[in-house]
Amino acid sequence: MDDFIPVKIHPSLFYSSQKGYKKINFSDYNVSFIDSTKKRCHTLIKKDILVNAFKQASPIIFGYVPIGFAYGVLSQEAGLSMQNTMIMSLIVFAGSSQFIAVGLFPAGITPVSIIITTFIVNLRHALMSASLSPIVKTWNKTEIAAFAFEITDETFAVHSLRYNEVENIDNNHLKIEMLLINLIAQCSWVLGSWLGCSMGQLISNVKAYGLDFALPAMFIALIIMQVNNLLQVVLLIFAGIISTSLLISGIDQWNVILATIVCATIGACVEKWIKK
Amino acid sequence: MDQKIIFLTIIGMALVTYIPRLLPVMWLSSRDIPSFIVSWLRFVPTSVLAAMLFPSLFMVDNKIDITFNNNLFFWVSIPTALIAWKTKSLFGSVLAGMLFIAIIRFLVI
């Protein structure tokens, strides 16, 4: 009993069903039981959130690292400095517009035109941002601002699954999880960009591993997980048809936005009509 | 090409990218939105995803082409969709899809 230090006995010690607490041999510990348990609780919670965030972000990682790599390579070929390449990935963080931009820079297009093109290409994120607003309704302004920075097609797709889970994400843990997913996504993109610009010479065969199918596969899975009634199925097929038709007719910047606006309007009207 | 000009352009790009992302969610979160709009917004995810997905599945080189030789994505999307439906797992479906593509490309080559 020499190494046994008296500790405060917490009543919850006796409730072994409580999360985070388990039966502990007093003699194993020579720190305050409360402190060590608190620490274990914190570690348990943080690890859970981190693991969950990684699980959900993993398809994004599969997509972003190779595509970021491709971007890094192209950017070097276009003549951008490594700093500019990385800065774009850090502060713009929008794959398609980054690809388009590095194509436009060497072609002698004016900076203003490049900025306007970027604006139009990324405008669909405004729709996604609006669509996510019910989910982050209860967050404070700073958290919303931080969250909004990393709204991309892929992070949006993952977050929009939350509609089916809860009405409003009030829980602090889920909030941290969502912000973590965003962070992991951006880190993957930045990592891919860095790998691309520093190792561009060793262009690995992305296609051999099916990595170019990662993002389409993710979209397929997300669509299937989200639809739960016939109306949505009909609408999504319609949206796909409209978008593809527009693209074939040459409307390549607006096809997604127009298809979405048309189908969302039809959907909302049908729902209202049904409810009458 | 002047890297300084590129840098300034990038700053401009960042602004026109961030502001459309920030304003909608910022404005709409602090107001009560009529239920029609909420319902409208709920259809946005599936529509957007489908609008982005279908072109990449059906089109190759700016034309619709779903022959097996030219467009593997379209055909692999069918088993991938089935797996997604059965397992409801994001990671699993993506992995399965990538595996199908890798295996078929390996076998065909």
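Each remark here, short or long, concerns the structure printed above.
Cut-offs applied
Residues numbered from 1 in each chain as written. Chains lettered and ligands numbered in written order. Predicted model: local features only at pLDDT ≥ 70, side-chain atom pairs only at ≥ 80, totals over all residues. Heavy atoms only, no water. Helix = DSSP H or I, 4+ residues; strand = E, 2+ residues; numbered from the N terminus. Buried < 20%, exposed > 50% of the residue type's maximum accessible area, 1.4 Å probe, protein only. Contact = heavy atoms within 4.5 Å. Areas by Shrake-Rupley, 256 points an atom, 1.4 Å probe, with all protein chains shown as cover. Expected span 1.5 Å × (residues − 1). Polar contact = N/O pair within 3.5 Å; in protein donor to acceptor, adjacent residues only side chain to side chain. Buried area = accessible area lost by both parts, 1.4 Å probe. Salt bridge = Lys/Arg side-chain N within 4 Å of Asp/Glu carboxyl O. Nonpolar A, V, L, I, M, F, W, Y, C, P; charged D, E, K, R; others polar.

Engineer: It is not clear to me how the overall build of chain B should be interpreted in this structure. Could you clarify?
Structural biologist: The helix and strand inventory of chain B stands at 4 helices and 2 strands. Taken from the N to the C terminus, the helices and strands of chain B come in the order α-α-β-β-α-α. On the principal axes, the C-alpha backbone points of chain B span a range of 50 × 50 × 30 Å. Sorting the 109 residues of chain B into buried and exposed places 49% on the buried side. A sequence separation of at least 24 residues applies to 24% of the contacts in chain B between residues at least 6 apart. Summed over its atoms, the accessible surface of chain B is roughly 5,800 Å², and 72% of this surface lies on carbon and sulfur atoms.

Engineer: Whenever I open this one, helix α11 (residues 230-248) of chain A confuses me. Can you help?
Structural biologist: Count 3.6 residues to each turn of an α-helix, and residues three or four apart come out pointing the same way. All names here are of chain A. The end-to-end C-alpha separation of α11 is 27 Å, in line with the 27 Å expected for 19 residues at 1.5 Å each. Along α11, the positions that sit buried rather than exposed are Leu231, Gln232, Leu235, Leu236, Ala239, Gly240, Ile242, Ser243, Thr244 and Leu246. Here α11 starts with a cap whose side-chain oxygen sits 3.1 Å from the backbone nitrogen of Leu231, and that cap is Asn229. Just beyond α11, the residue with positive phi is Gly250, at close to 100 degrees.

Engineer: In this structure, what is going on with the interface of chain A and chain B? I would like to understand it.
Structural biologist: Facing 97 residues of chain A, the contacting portion of chain B comprises 65 residues. Carbon and sulfur atoms make up 77% of the surface buried where chain A meets chain B, a total of about 7,100 Å² over both sides. Where chain A touches chain B, the interface holds 0 salt bridges. Joining chain A to chain B, the criterion identifies 17 residue pairs in polar contact (both at pLDDT 80 or more). At 13 residues, helix α12 (residues 255-275) of chain A tops the list of elements feeding residues into the side of chain A that touches chain B. Its residues assigned to classes, the side of chain A that touches chain B comprises 64 nonpolar, 24 polar and 9 charged.

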